[in-house]
Every structure is written in C-alpha cells, then in structure tokens.
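Topology and contacts: notes
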Amino acid sequence: MKTEDTELPGIFGMLEASGALRQGHFQLSSGRHSARYIQCALLLEDPERAGRVGAALAKRLGVHQPESVLAPAMGGLIIGHETAAGLCVPFRFSERVDREMTLRRGFCLREGERVVIVEDVVTTGKSTLETAELVEAAGATLVAVGAIIDRAGGENPFPVPFESLARLKIESYLAAECPLCADGVAPEKPGSRR
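Scoring rules and cut-offs
Each chain has its residues counted from 1, following the order in which its sequence is written. Where local features are concerned, this predicted model is filtered to residues with pLDDT of at least 70; where side-chain atom pairs are given and counted, the filter is 80 or more; whole-chain, interface and lining totals use all residues. Hydrogens are left out, water is left out, and the side-chain values use all remaining heavy atoms of the structure. DSSP calls a pair of strands paired once it identifies at least 2 bridges connecting them. The numbering of helices and of strands both runs from the N terminus, where a helix is a DSSP run of H or I of at least 4 residues and a strand a run of E of at least 2. Exposure is judged per residue with a 1.4 Å probe applied to protein chains only, and the accessible area is read against the type maximum: over 50% gives exposed, under 20% gives buried, and values in between give partly exposed. Arc definition: it is the arc formed by the directions from the helix axis to the C-beta atoms. To get an axis, fit a line to the C-alpha atoms, keeping to the stretch in contact for a helix; angles then go from 0 to 180 degrees between the N-to-C directions. In what follows, roughly perpendicular refers to angles from 65 to 115 degrees, roughly parallel to angles under 35, roughly antiparallel to angles over 145, and oblique to any angle outside these ranges. Less than a right angle of anticlockwise turn of the near helix away from the far helix marks a crossing as left-handed, whereas a clockwise turn marks it as right-handed. In this analysis, two residues are considered to be in contact whenever any of their non-hydrogen atoms come within 4.5 Å of each other. The quantity known as pLDDT measures the predictor's confidence residue by residue, on a range of 0 to 100. For this scheme, ten residues count as nonpolar: Ala, Val, Leu, Ile, Met, Phe, Trp, Tyr, Cys and Pro. Four count as charged, namely Asp, Glu, Lys and Arg, and the remainder, Gly too, count as polar. Note on aromatic contacts: the rings of Phe and Tyr and the six-membered ring of Trp form a pair at centre separations within 6.5 Å, being stacked when their planes are under 30 degrees apart, edge-to-face when over 60 apart, and tilted otherwise. We call a pair of cysteine sulfur atoms a disulfide whenever their separation is within 2.5 Å. Each patch is assembled from residues with relative accessible area greater than 30% and no salt bridge, linking like charges that lie within 9 Å and nonpolar side chains (Val, Leu, Ile, Met, Phe, Trp, Tyr) that lie within 5 Å. Residue-level accessible areas treat just the shown protein chains as cover; the underlying method is Shrake-Rupley with a 1.4 Å probe. For this analysis, a salt bridge means a side-chain nitrogen from Lys or Arg found within 4 Å of a carboxyl oxygen belonging to Asp or Glu. For the purpose of counting charges, residues Lys and Arg are taken to be positive, whereas Asp and Glu are taken to be negative. His and the chain ends are not included. Positions of charges follow a simple convention, taking NZ of Lys, CZ of Arg, CG of Asp or CD of Glu.

To continue, consider the sheet that holds strand β10 (residues 172-173). Read across the open sheet, the three strands follow the order β2-β3-β10; overall the sheet is antiparallel. Bordering the open sheet on either side are β2 (21-27) and β10, each of which pairs with just one other strand. Relative to strand β3 (residues 33-38), β2 runs antiparallel, the two sharing five bridges. Paired with Gln27 across the bridge in β3 is His33.

Next comes the structure, spelled out in structure tokens:
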C-alpha cells in the first residue's frame, strides 16, 4: 500500500485511530474486491475531526473560487458540508432516485454558478461524474473536484482539477480473479451504492 500525506498532517493516523482504514475482504461499489477498505464515515463521526478535515479540504479548493459545494450522497454528505463551512458557501447534495443521480429537496444550481464537487473517497469517479452531469445540465460551471482520499491511482478521472488530502493505493481485483474469494472468504459490502 503506497500512501502520500499531502495536506493534513496525521490524516493516516486519524484514519487508523478512528477505525476508518479497515482490513478484511470487501466488495467495493465498483464491484471489484479488495483486502482493505476506507470507511470515511468513521473518520467523520467525530465533529471536531470532521471540521479539521473539511477545513483542510476547503483550503485546497478555495483557490478555485467556488460559489457552492455539491456532494453525492451518501459518502460526500458530511465532508461536503464541512468543506462548504470552511469555504463559507452553500452546500447541496445529489442523491440516487431509481439508480439515477438527481437534485431533490428544492436544491438547484444557478446558471454560471462556480461549483466544486466533494466526495469522501474517489476510486473510479463514477458518482462524481454523474453529479458533474447535473452541474452541466443546470448551466453551472464545475471548477474542481475534491476528496479526502484519492484512490484513483494518480490519474485525474475528471475534466477539471482534482484536489485531495491524501493518495492511497490499495490493490483491488475483479471478482473472478480475487485471491480472497479463491480462499473461500465471503466479501463484505460496506459501500453505499447498491
């Protein structure tokens, strides 16, 4: 596992101390399998810690001069709110309805509004890209994407700058090639996308 602590001193210590960095056999939201999983909800369950992480991400994203933060539910809810608080801008979230990402609850984006999308962990970027489509459909402008953890392997999967507090490389496998499955260990499905 390769790690790089880029902005918040002690982020990996906080992940480990909170139990957010888990070991076992996990089926990721992408369908791939892994022996490690990051459950950022455990990192963010402490309000003081969540505020520190959100402020650090806000510092990274502030250079893009966002006018609002948009986060895909569920993973982006807490960190998106804390980042918006650090930026002193409105916070909104997208959610799935019949497997399609949408804005509900009276949330809307203005034409030309400068938006950053915030996630807890980015691996493939699927939810973030679906949320970016909502920004584009509203005529708003996506200026950056931010995440606590970048698991995308060092590649930016987005058409705008991608800011993260740390990069983490965790090996994952196609289910048919998973050595843990070959050992007869059933995977846990901790992700929010079903």
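Attention now moves to helix α1 (residues 11-18). Residues Ile11, Phe12, Met14, Leu15 and Ser18 constitute the buried set of α1. Seen along its axis, α1 keeps its buried residues to an arc of 160 degrees; they face one direction. Those residues of α1 that are exposed and angled more than 90 degrees off the buried face are Glu16 and Ala17.

Before going further, it helps to spend a moment on the packing of helix α3 (residues 47-61) against helix α4 (residues 77-87). The packing of two helices is summarised by the inter-axis angle and the distance between the axes. The interhelical angle for the contact between α3 and α4, taken along N-to-C directions, is 60 degrees, at an axis separation of 7 Å. In this view, α3 runs oblique relative to α4, as classed from their interaxial angle. α4 is crossed by α3, and the crossing has right-handed handedness. Contacts from Ala50, Gly51, Val53, Gly54, Leu57, Ala58 and Leu61 in α3 reach Ile78, Ile79, Glu82, Thr83, Gly86 and Leu87 in α4.

Next up on the list: the confidence of the model for the chain. Regions with low pLDDT carry predicted coordinates that are not meant to be interpreted in detail. Of all residues in the chain, 93% attain a pLDDT of 70 or more, and the chain-wide mean is 89. Averaged pLDDT values over the elements of the chain bottom out at 46 in strand β1 (residues 2-5) and peak at 97 in α4. Overall, residues 1-5 carries pLDDT values under 50, and its contacts beyond four positions in sequence, including any with other chains, amount to 20 contacts.

Attention now goes to the packing of α1 against α3. Where α1 contacts α3, the two axes come as close as 12 Å, and the packing angle between them is 150 degrees. Classed by the angle they form, the pair α1 and α3 counts as roughly antiparallel. Crossing of α1 over α3 shows left-handed handedness. On the side of α1, the interface is formed by Ile11, Met14 and Ser18, while α3 contributes Arg49, Arg52 and Val53. Within the contact of α1 with α3, the residues separate by chemical class into three nonpolar, one polar and two charged.

It is worth spelling out the packing of aromatic side chains at this point. Applying the stated criterion across every chain yields a total of four aromatic pairs. Between the aromatic rings of Phe93 and Phe107, the centroid separation amounts to 5.2 Å while the plane-to-plane angle is 75 degrees, which identifies the pairing as edge-to-face. One end of the pair, Phe93, is in strand β5 (residues 91-97); the other, Phe107, is in the loop between β6 (100-103) and β7 (114-122), with 14 residues separating them in the sequence. For Phe93, a relative accessible area of 16% translates into the label buried. Counting every residue linked through ring pairs, the aromatic cluster contains Phe91, Phe93 and Phe107.

In this section: the state of the cysteines. Using the criterion set out here, one finds zero disulfides in the structure. Free cysteine: Cys181, not disulfide-bonded; nearest cysteine sulfur from Cys178 at 3.9 Å. The exposure class assigned to Cys181 is partly exposed, which follows from its relative accessible area of 30%.

Quick look at a negative patch on the surface now. A cluster of acidic residues, Asp98, Glu100, Glu133 and Glu136, forms a negative patch on the protein surface. The topology assignment puts Glu100 in strand β6. The exposure class of Glu100 is exposed, given its relative accessible area of 57%.

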